[in-house]
Amino acid sequence: MKIIVNGACGRMGKEVIAAANRKGFEIAAAVDKFGQFDNSDIPFYTSVEDVKEKADVVIDFTHHTAVPEICNFVRKTGTPCIVAATGHTESEMAMLKSLSAEYPVFFSRNMSLGVNLLIDLCRSAYIALGGDCDIEIIEKHHRNKLDAPSGTALMIAEGIAELMPENTEFVTDRSSRRMVRPENEIGISAVRCGGIFGEHEVLLSRNGETISLKHTAESRALFADGAIKAAEYIVTKPAGFYSMKQLLAESAATPANK
């Protein structure tokens with residue numbers, strides 16, 4: 001498999017290249033607007049739209065504002081894309097959804113298989129409790145992370161909210177509120193300190209008991225490995241909008257020895 005890495009000079013871009021090398025895949029081109037790429041054996045560009053090499057998939061670990069360039073490149077080349085950035089606006093998400101009508105698009109705010117399993121476990125716990133519980137999400141990241149709450153925290157909240165009433169509200173700040181906690185609420189708290197890779201804890205609490213489910217990222221490599229799994233998955237797919245939820249569901253339905 002040949003891969004184009006957008007954001008190749010960033011921490012995650014470097015991890016994706018390392019993960020691809022571990023699997024024996026080829027980096028067809030590296031792209032980064034700001035960095036200096038130190039591998040002369042791999043073609044390097046400052047814009048993905050300038051890439052001339054053909055590839056099986058493009059993996060984007062840059063910024064949500066890169067969506068227009070990614071969409072232009074996919075439409076020009078027909079290359080399936082994996083978008084792993086966070087913080088996308090409604091218009092950027094609409095662009096990706098529109099693109100997926102013609103080409104395979106894989107989107108996930110978190111490429112960790114464990115995080116996506118955490119979401120399934122939270123949904124199962126909520127159902128088992130009959131929806132009779134309060135839900136709080138506590139996310140912790142390094143001091144340089146720009147967005148809050150994290151895209152992963154929102155993924156978790158959205159996954160649980162699908163089972164809740166339509167008027168469910170995500171509450172990220174209670175400092176100005178003076179009221180009893182309503183039932184249609186998911187609280188999200190963000191911690192930014194030190195060098196924490198990423199930790200997400202979900203509390204499902206009701207009178208007399210609290211269930212705590214937590215995922216801790218111990219290395220960025222796990223996100224890169226997830227992106228490579230997504231690449232292997234999407235290259236065989238027709239046009240559509242794909243996610244880790246679908247990848248996990250299909251993997252669970254396939255025996256490991258197949």
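Scroll up for the structure.
These numbers come from a predicted model, not from an experiment.

Describing the packing of helix α4 (residues 113–128) against helix α5 (residues 151–161)
The interhelical angle for the contact between α4 and α5, taken along N-to-C directions, is 30°, at an axis separation of 9 Å. The orientation of α4 relative to α5 falls into the category roughly parallel. Both α4 and α5 take part in a crossing whose hand is right-handed. Two secondary-structure elements touch here, α4 through V115, N116, L118, I119, C122, R123 and Y126 and α5 through T152, M155, I156, G159 and I160. Classifying every residue of the contact of α4 with α5 gives eight nonpolar, three polar and one charged.

Points about unusual backbone geometry
The omega torsion of the bond from A148 to P149 falls at -5°, within 30 degrees of zero and hence cis. Relative to the helices and strands, P149 is located in the loop between β7 (134–141) and α5.

So, the nonpolar core
Ranked by size, the top nonpolar core spans 33 residues in total, and within it I3, I59, F61, I82, F106, M111 and I228 carry the most contacts. Going through the elements one at a time, β1 (2–6), α1 (11–23), β2 (26–31), β4 (57–60), α6 (221–234) and α7 (244–253) are the ones with two or more residues in this core. Per-element tally for this core: the top contributor is α6, with eight residues. Formed by 22 residues, the second largest nonpolar core is a distinct cluster that contains V58, V67, V74 and Y103.

What to know about the pattern of salt bridges
By the definition in use, this model includes 20 salt bridges. The shortest N-O distance in the salt bridge between E102 and R75 comes to 3.7 Å. Of this pair, E102 sits in the loop between α3 (90–99) and β6 (104–107) while R75 sits in helix α2 (residues 67–77), and the two are 27 residues apart along the sequence. Take E102: its relative accessible area is 49%, and that puts it in the partly exposed class. A salt bridge links R123 to E162, with the shortest nitrogen-to-oxygen separation between them at 2.9 Å. Linking R123 in helix α4 with E162 in the loop between α5 and β8 (169–171), this pair joins segments that are 39 residues apart in sequence. Sharing partners across several salt bridges, the network here consists of D134, E136, E169, R174, R177, R181 and E185.

About the thresholds
Residues numbered from 1 in each chain as written. Predicted model: local features only at pLDDT ≥ 70, side-chain atom pairs only at ≥ 80, totals over all residues. Heavy atoms only, no water. Axes fitted to C-alpha atoms, helices over the stretch in contact; angles between N-to-C directions. Helix = DSSP H or I, 4+ residues; strand = E, 2+ residues; numbered from the N terminus. Parallel < 35°, antiparallel > 145°, perpendicular 65-115°, else oblique. Left-handed = near helix turned anticlockwise from the far one by under 90°. Contact = heavy atoms within 4.5 Å. Nonpolar A, V, L, I, M, F, W, Y, C, P; charged D, E, K, R; others polar. Core = buried A, V, L, I, M, F, W, Y, C linked by side-chain atoms within 4.5 Å. Buried < 20%, exposed > 50% of the residue type's maximum accessible area, 1.4 Å probe, protein only. Salt bridge = Lys/Arg side-chain N within 4 Å of Asp/Glu carboxyl O.

Everything listed is a geometric property; what it means functionally is a separate question.
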